[in-house]
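What the coordinates show
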Amino acid sequence: MAYNRGVRILENPTALTAPILGTAGLQVIVGTSPVNLAEDPERAVNTPMVANSFAEASVAVGYSDDMSYTLNQSIYASFKLFPVAPVILINVLDPKKHKTACEEASCPVRDGQALMEQTGVLLSTLKVKDGAEDLTQGGDYLATFDNDGYVVLTLLGTGKGAGAETLTVTGDRIDPTKVTEKDIIGGYNVSTGQESGLELIRQVYPRFGMTPGLIVAPGFSRHPSVSAVMAAKCEDINDMFRCECVVDVDCTADGAQRYTDVKTVKEKSGLVSPHMAAVWPKVIAGGYPLYYSAVFAAITAYTDAGNDDVPNLSPSNKMMAVTATCLDDEDDTEVSIDKAQANMVASYGVITATNINGFRTWGNNTAVYPSSTDPKDRWFNCRRFFSWWGNSFILSYFQYVDRPLSKRLVKSICDAENIRGNAYVAQGKCAGARIEYQADDNPVTDIINGKITFRQYLAPFPPAEDILNILEFDPAMLQSALE
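The residue count restarts for each chain, going from 1 along the sequence in the order it is written. For this predicted model, a pLDDT threshold of at least 70 governs which residues receive local features, and a threshold of 80 or more governs which side-chain atom pairs are given and counted, while totals over whole chains, interfaces and linings are taken from all residues. Here the side-chain values reflect all heavy atoms present in the structure, with hydrogen atoms and water set aside.

Glancing now at the state of the cysteines. Any two cysteine sulfur atoms within 2.5 Å of one another count as a disulfide. As enumerated under the stated definition, the model contains 0 disulfides in all. As a non-bridged cysteine, C107 has C102 as the owner of its nearest cysteine sulfur, 10 Å distant. Given the relative accessible area of 2%, C107 is considered buried. Left unpaired, C245 is separated from the closest cysteine sulfur, that of C234, by 3.9 Å. The buried label goes to any residue with under 20% of its type's maximum accessible area, the exposed label to any with over 50%, and the partly exposed label to all in between, with areas taken from a 1.4 Å probe on protein chains only.

Given below as structure tokens:
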């Protein structure tokens, strides 16, 4: 035995585990972007990219004001309309296959520069001629993009074409119209071992250590094949996590052009998942027609970020910098939705927008309503609170796996979770939260097989949808005033 003399200390591990919280409203957005403007166009294809700022998003997947690229819509909504970060961007537009030939351009040279006024151009495919003479990129000219996404050709004084008056330019440009629902859905390539599209959601947590909060595919989610896969991907992510998705109800000529059509189109599209928020129609912000899913997901994440990253608040009745609601047609035909119509749409389990002293989100029901009225699944904020709490529990106590299944382990988990629940109750973020270990749930046969079961009870507050004030005339007040 050691001979000890003096003053000593010994540190024991903390009895209560501090919870590790996932990012509640982390948006995982799948769509198309102008990858020709990205720092590395090839790397920006079917690779999850994290962005904490508008600049990072632009470098990662490219950005322009052309909103036919659906990722542009989410980037605009998340960094310009509602500043919230981070976001995960997954571009499926592949410049190797989603491309078309540029129109041959005759570009006048002024002060040693020529401008090719076409967007989406792939610099690696450019062929530039001075008359019949071919010019070499890097040797005879440099090619860059201006703020409009046009190609700027700068002639080098020591190369061929230095005295050219006009350049003839051809090449390829990316074509977002060639991207289909199948590209968004993606899959697994057995021969290459590569994943694509929505299948890449699996990589978010291993890559970035963050759990998905909202899955979004602006515009493409109006297709039933895409929305069905999005709903499926909300459950058992990495065999552990859950999240929600935001999908667009089709408002094209084949979809819901009037509020009375929303119920039929929703049911026809199979939008019935409790993990899904269905939104209708499109909105106009900053002069751009945007799919409502891009804006609503950004508002939801923004609401969480301002609430200590806890998703107990409903994103309904939130003001947004929107100037109109519109349909998904060539003219972006505006539709006016008053409160009565908005309430009717909400009764279908669809979230809409209405103008009451400014445009605001309107609706709390998930797509499972009205087929289910279970408050855990019906209310969007309650459904998200349950998913978020479950994810947080997994992240906090994953370190306990393979530890001795002892009374101390059970007490440690129960104490930590109950203290955590009491803290959120004190903050007004839920009505109650407690966890229990019950002997009936844990027979000896389970214990000897290394299985332990807890029961946790959660009570997030439902939204106050209907506030009634009954007014009544009181003759006694009148009599008293006159006397």
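Looking now at the packing of aromatic side chains. Two numbers describe a pair of aromatic rings. These are the distance of the centres and the angle of the planes. A pair of Phe, Tyr and Trp rings is counted when the ring centres sit within 6.5 Å of each other, with Trp represented by its six-membered ring. The angle between the planes then sorts it: under 30 degrees is stacked, over 60 is edge-to-face, the rest tilted. With the rule as written, the count across this model stands at 14 aromatic pairs. Here F82 and Y302 contribute two aromatic rings whose centre-to-centre distance is 5.8 Å and whose plane-to-plane angle is 55 degrees, an arrangement assigned as tilted. Taken as a pair, F82 in the loop between α2 (70-81) and β3 (87-91) and Y302 in helix α7 (residues 292-305) lie far apart in primary sequence, 220 residues in all. On the numbers, 5.9 Å between centres and 85 degrees between planes, the contact of W388 with W389 is edge-to-face. W389 carries the same exposure label as W388, and that label is buried. Every helix listed is a DSSP run of H or I at least four residues long, and every strand listed is a run of E at least two residues long, numbered separately from the N terminus.

Pairing between side chains of opposite charge can happen when the charged atoms of each approach one another. Every case where a carboxyl oxygen of Asp or Glu lies within 4 Å of a side-chain nitrogen of Lys or Arg is listed as a salt bridge. A full pass over the atoms with the stated rule returns 19 salt bridges. Across the pair K263 and E267 runs a salt bridge whose closest N-O atoms are separated by 2.7 Å. With K263 and E267 both in helix α6 (residues 262-268) and 4 residues apart, the pair spans about one turn of that helix. Using a relative accessible area of 38% as the deciding quantity, one classes K263 as partly exposed. Residue K376 is joined to D377 by a salt bridge in which the shortest nitrogen-to-oxygen separation is 3.0 Å. Residue class for K376 comes out partly exposed when judged on its relative accessible area of 29%. D377 sits in the buried class, given a relative accessible area of 14%. Within the structure, one salt-bridge network assembled from shared partners comprises E244, K376, D377 and R383.

The next subject is the sheet that holds strand β11 (residues 166-170). Note on pairing: DSSP must find at least two bridges between two strands before they are called paired. One open sheet holds the 7 strands; their spatial order is β8-β7-β11-β5-β6-β10-β9, and the pairing between them is antiparallel. Each edge of the open sheet is held by one strand with a lone partner, namely β8 (133-135) and β9 (141-145). Within the sheet, the average angular offset between the axes of one strand and its neighbour, ignoring direction, is 30 degrees. Relative to β8, strand β7 (residues 127-130) runs antiparallel, the two being bridged by 3 bridges. When the bridges of β8 are listed, V128 appears paired with L135. To obtain each axis, a line is fitted to C-alpha atoms, and for helices this fit is confined to the stretch in contact; angles are then taken between N-to-C directions over 0 to 180 degrees.

So, on to the sheet that holds strand β20 (residues 324-326). Strand order in the open sheet formed by 4 strands is β19-β18-β20-β21, with antiparallel pairing between adjacent strands. The strands lining the two open edges of the sheet, one partner per strand, are β19 (288-290) and β21 (334-335). Pairing of β20 with β21, which is carried by 2 bridges, proceeds in the antiparallel orientation. Of the residues in β21, the one forming a bridge with C326 is E334. Packing against the sheet, α2 makes contact with β18 (282-285) and β19, and its axis sits at approximately 105 degrees to β19. In what follows, residue pairs with any heavy atoms lying within 4.5 Å of each other are defined as contacts.

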